[in-house]
Amino acid sequence: MDRRMRRRASRAVSRRLRRRASRAVPGRIRLGTAGASPRLRRWTLALVLLGVALLPYPALNAVSGTPAAACRSGCRAGAAPHMIRWTQALPGSWQVVPGLTGTVPATGLAYASVGDGVAALGAGLTVSGYSARTGALLWVQTLTGFPAGAAIVSVRTWPSEVTAGVSYTSAGHPQRTEVVLSAAAGTVSGRYPAGVFGGAVWGSARYTVIVGATTVTSYDNTTGKVRWRVSTGPVPLAWRADAGTLYLAESAGGFAGSAPVTALRQVNLATGADVLIRPIEGVSFPGTFSAAFDGVVLFSTATGVSAYYGATGAWLWTVAGSVPEGTDPRQDQIYLTRGSSLIAVDPLTGQVTATASGSAVGGSAGLYAVRDGVALGLDQGANGDAWGYNIGAQRVTLTAAGLGWPHYFVDPSGVGGSADPASDLVVIAACTQLAPNLPVPASPSATASPTTSLSTTASPSGTASPSTSASGTPSPDVSPSASPTPSQGCLRPELVALNL
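Residues numbered from 1 in each chain as written. Predicted model: local features only at pLDDT ≥ 70, side-chain atom pairs only at ≥ 80, totals over all residues. Heavy atoms only, no water.

Draft legend 1. Just the environment of Thr245, in detail. Along the chain, Thr245 falls in strand 17 (residues 245-250). Through-space distance from the C-alpha of Thr245 to that of Gly295 is 8.6 Å; in sequence the pair is 50 residues apart. Contacts of Thr245, omitting those with residues within four sequence positions, involve Arg240, Gln266, Val267 and Leu269. (Helix = DSSP H or I, 4+ residues; strand = E, 2+ residues; numbered from the N terminus. Contact = heavy atoms within 4.5 Å.)

As structure tokens, this is what we get:
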């Protein structure tokens with residue numbers, strides 16, 4: 001499959017380069033125009049189509065209720081309520097928060113990942129492993145040896161192993177350690193230093209690859225020894241993983257200021273072979289490094305998205321007025337938002353292969369992930385619904401009701417989160433029974449119009465926030481570490497597995 005993809009990409013790039021050489025001018029694919037405000041376009045569409053694709057714990061209020069009339073009269077006809085694969089009670093204290101936040105731990109944050117037969121959930125310093133097929137609890141492991149205040153900030157699943165990134169402060173500086181656990185038994189098999197915005201980018205029974213502050217290192221899981229190490233420079237770099245390849249964006253500002261990108265470091269995750277890729281056209285890639293998928297890398301600016309061939313730096317296509325939103329590995333598609341629509345494009349050509357109008361899903365919280373052409377939608381609130389919107393058929397083909405206050409887990413790195421990249425399985429948190437409301441004690445300092453604010457403290461978690469860039473790269477200045485109020489306790493929190 002990889003060989004076919006590379007041959008196809010090479011032929012496409014070669015043809016395009018020959019055409020441009022004959023014209024002596026660079027071409028562009030023009031796929032429509034956009035409004036005058038890219039920022040407003042992005043937020044408006046994010047609320048309509050992809051509500052929390054980049055916002056795991058946002059402060060924005062979701063729109064609850066049934067879909068818009070256009071959808072009720074047609075797109076939900078014949079919907080089949082067969083989405084739920086299994087449910088499992090969640091340990092610990094959880095609460096519900098109105099809007100997109102939904103069901104979350106009473107203190108701190110929770111992180112989840114599903115893949116390679118395991119669904120893993122981390123909260124505080126405890127990681128729980130579940131069978132992705134049945135939901136059966138496989139193991140529970142509490143991580144030890146960390147200072148007070150330490151907490152899990154990412155969970156990622158790999159063949160035969162699970163990795164948990166733990167953030168803490170040492171000597172006044174933020175630190176991160178990646179803990180490796182057996183996927184079958186949950187036993188700890190390794191602890192490796194990681195970059196604050198790094199962590200595990202590949203793992204297996206044999207080795208684990210970790211992005212550190214200034215290096216990328218592969219460790220032997222049996223001995224803990226270094227297999228290979230690649231230096232990445234004096235500052236942490238923005239990165240994206242694409243199957244067995246890691247791309248790091250060379251820029252003067254590093255992770256915190258990833259534009260302009262003058263080159264990409266391409267690292268083979270199996271061997272450590274390191275290649276420097278420079279843009280064929282111009283002295284830098286445009287905008288910020290936003291995604292890597294199927295050998296193609298994406299860069300985002302206020303005017304649109306541009307794609308380059310990751311092996312050579314050759315320009316492939318540009319879609320004006322668009323923002324990258326996700327991928328569908330099952331159908332080999334990249335998804336962008338443009339205007340008021342979600343569009344699927346071919347990674348190599350930029351050709352639009354499918355479109356979902358924002359009006360089709362009006363009245364819902366949005367679409368969260370796409371697998372095999374079916375997008376997951378979640379309606380918020382006490383009567384939360386999950387539904388699968390078939391983009392090709394332009395209608396809802398799957399539904400599941402009664403998922404109160406659904407919460408979708410996100411890892412902006414693209415190597416963790418609610419959706420399994422290799423299957424149609426998605427895990428979310430939901431609350432099936434609320435705790436009784438407690439009376440709020442009167443406060444002499446209370447005002448007639450209390451306001452709520454969202455914490456904007458620095459965080460090494462790698463979770464997204466309302467100020468996350470189009471690339472999905474978290475800002476080092478903002479964290480969703482505080483949930484908006486009011487909130488209410490949850491007596492019966494559940495981890496729910498859905499089929500798309």
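There is more to say, and it comes next.
Draft legend 2. Just the pattern of salt bridges, in detail. Tallying each qualifying case throughout the model produces 5 salt bridges. As a salt-bridge pair, Asp424 and Arg85 come within 3.7 Å of each other at their nearest N and O atoms. With Asp424 in the loop between strand 34 (416-417) and strand 35 (425-431) and Arg85 in strand 1 (residues 84-89), the pair connects residues that are 339 residues apart, well separated along the chain. For Arg176, the salt bridge goes to Glu178, with nearest N and O atoms at 3.2 Å. Glu178 matches Arg176 in its accessibility class, with the two residues each being buried. One connected set of salt bridges, linked through shared partners, spans Glu250, Arg265 and Asp274. (Salt bridge = Lys/Arg side-chain N within 4 Å of Asp/Glu carboxyl O. Buried < 20%, exposed > 50% of the residue type's maximum accessible area, 1.4 Å probe, protein only.)

Draft legend 3. A look at the sheet that holds strand 12 (residues 199-203). Spatially, 12-13-14-15 is the arrangement adopted by the 4 strands of the open sheet, whose pairing is antiparallel. Each edge of the open sheet is held by one strand with a lone partner, namely strand 12 and strand 15 (226-231). Strand-to-strand, the axes of this sheet are offset by a mean angle of 20 degrees, without reference to chain direction. When strand 12 meets strand 13 (residues 207-211), the two strands line up antiparallel, connected through 4 bridges. Within strand 13, the residue paired with Gly203 across the bridge is Thr208. (Pairing = 2+ DSSP bridges. Axes fitted to C-alpha atoms, helices over the stretch in contact; angles between N-to-C directions.)

Draft legend 4. Looking closely at the state of the cysteines. Inspection of the entire model under this criterion finds 1 disulfide. There is a disulfide in this structure between Cys431 and Cys490, and the S-S distance comes to 2.1 Å. Measuring handedness by torsion sign, the sulfur bridge of Cys431 and Cys490 sits at about 110 degrees and is right-handed. Taken as a pair, Cys431 in strand 35 and Cys490 in strand 36 (residues 488-490) lie far apart in primary sequence, 59 residues in all. Comparing Cys431 with Cys490, the two get one shared label, buried. (Disulfide = S-S within 2.5 Å.)

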